[in-house]
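Summary of structural features
Spelled out, the chains give:
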Amino acid sequence: MSWLESARTIEIEPSLYAADFAHLGEQIEALMEAGTRAFHFDMGDGHFVPPVTIGPIVLESIAPRIHELGGIIDCHLMVEAPERHFEAIAQAGGDSVTIHHEACRDLREISAAARTHGLAVGLAFNPETTPEAVAAGAMDFDLVLCMSIHPGYSGQAFMSDALDRVRALRRLLPDRMPIQVDGGVSRGNVPALCAAGAQLLVVGTGIFAHADPAEAYRELAESALAAMAVPS
């Protein structure tokens, strides 16, 4: 069973790319104690996106403790030829991989390849790609990730037109398919994102730039739950 089948109505996913790596284990444990169930793990290859980011060695070091505490690791592959990394990610303890629409020629083949390694699989798209183009190829995936920044660097400002893209996706996709948003997510835009139809909210600096990341997570989760309780 995919972790998404047991996901809560709304999940705040701390993005480990923004963490303090000198205290990574401590921050993970504090966030899980605060209620985190899903961590976002960004991998960049220096080609599809400019920076080379964290990879399977880091994943392997944190996965056992996250799984022991009942969490999952959602891996976002900002890379060319993502299928080359599926086996290493699965062996290192990743639970899902999200690949980019712009980086793949055969989406069905990529999705099937991920599943042979026991991974759930998501489909991401950049701000320049239309929701209609993504929805047409999304049926073989478990989630769709709407980028609300240009992928690659943490700390960018939220692109407000992402709200329209999320609304369009929600109209185009089946109700069962969750929409994820990544980039510039904060307490200020969480209510609007929830109202637009997003259910998986990736937060980097909005959590890890705070003196107490666990408290920042709790505030975001409370804001999201309050937004979900308001009738649309």
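Above this text is the structure in question.
All figures in this text were calculated on a predicted structure; none of them were measured in a lab.

1. Some words on the environment of Ala 18
The residue Ala 18 is located in the loop between strand E1 (11–14) and helix H1 (24–34) in this model. The sequence separation of Ala 18 and Arg 187 amounts to 169 residues, and the corresponding C-alpha distance is 17 Å. In this structure Ala 18 touches Ser 154, Gly 204, Thr 205 and Phe 208, once residues within four positions along its chain are discounted.

2. With respect to the pairing of strand E2 (residues 38–44)
For E2, the tally of buried residues reaches 7 of 7 residues, placing the bulk of the element in the interior. Of the two faces of E2, both are covered, the one formed by Ala 38, His 40, Asp 42 and Gly 44 as well as the one formed by Phe 39, Phe 41 and Met 43. Here E2 runs beside strand E3 (residues 72–78); their pairing, made up of 7 bridges, is parallel. Within E3, the position partnered with Phe 39 by the bridge is Ile 73.

3. Observations concerning H1
Considered for burial, the residues of H1 that qualify are Leu 24, Gln 27, Ile 28, Leu 31, Met 32 and Ala 34. The buried residues of H1 occupy an angular sector of 155° when the element is viewed end-on, so they sit on one face. Opposite its buried face, H1 presents the exposed residues Glu 26 and Glu 33, each directed more than 90 degrees away. Where H1 ends, the next residue or the one after it, Gly 35, has phi of about 125°, a positive value.

4. Notes on the pattern of salt bridges
On inspection of all chains with the given rule, the structure shows 8 salt bridges. Across the pair Asp 161 and Arg 165 runs a salt bridge, and its minimum N-O distance is 3.2 Å. Under the relative-accessibility criterion, Asp 161 is labelled partly exposed at 39%. Note that Arg 218 and Glu 215 form a salt bridge whose closest N and O atoms lie 3.2 Å from each other. On the criterion of helical spacing, the pair formed by Arg 218 and Glu 215 is a turn pair, its members being 3 residues apart in helix H9 (residues 213–229). According to the relative accessible area criterion, Glu 215 is partly exposed, its value standing at 32%.

5. Here's the deal with the environment of Phe 208
Within the secondary structure, Phe 208 sits in helix H8 (residues 205–208). Taking C-alpha positions, Phe 208 is 8.7 Å from Gln 27, a pair spaced 181 residues apart along the chain. In this structure Phe 208 touches Pro 14, Ser 15, Leu 16, Ala 18, Ala 19, Gln 27, Leu 31 and Pro 213, once residues within four positions along its chain are discounted.

Cut-offs used in this document
Residues numbered from 1 in each chain as written. Predicted model: local features only at pLDDT ≥ 70, side-chain atom pairs only at ≥ 80, totals over all residues. Heavy atoms only, no water. Helix = DSSP H or I, 4+ residues; strand = E, 2+ residues; numbered from the N terminus. Contact = heavy atoms within 4.5 Å. Buried < 20%, exposed > 50% of the residue type's maximum accessible area, 1.4 Å probe, protein only. Pairing = 2+ DSSP bridges. Arc of directions from axis to C-beta. Salt bridge = Lys/Arg side-chain N within 4 Å of Asp/Glu carboxyl O.

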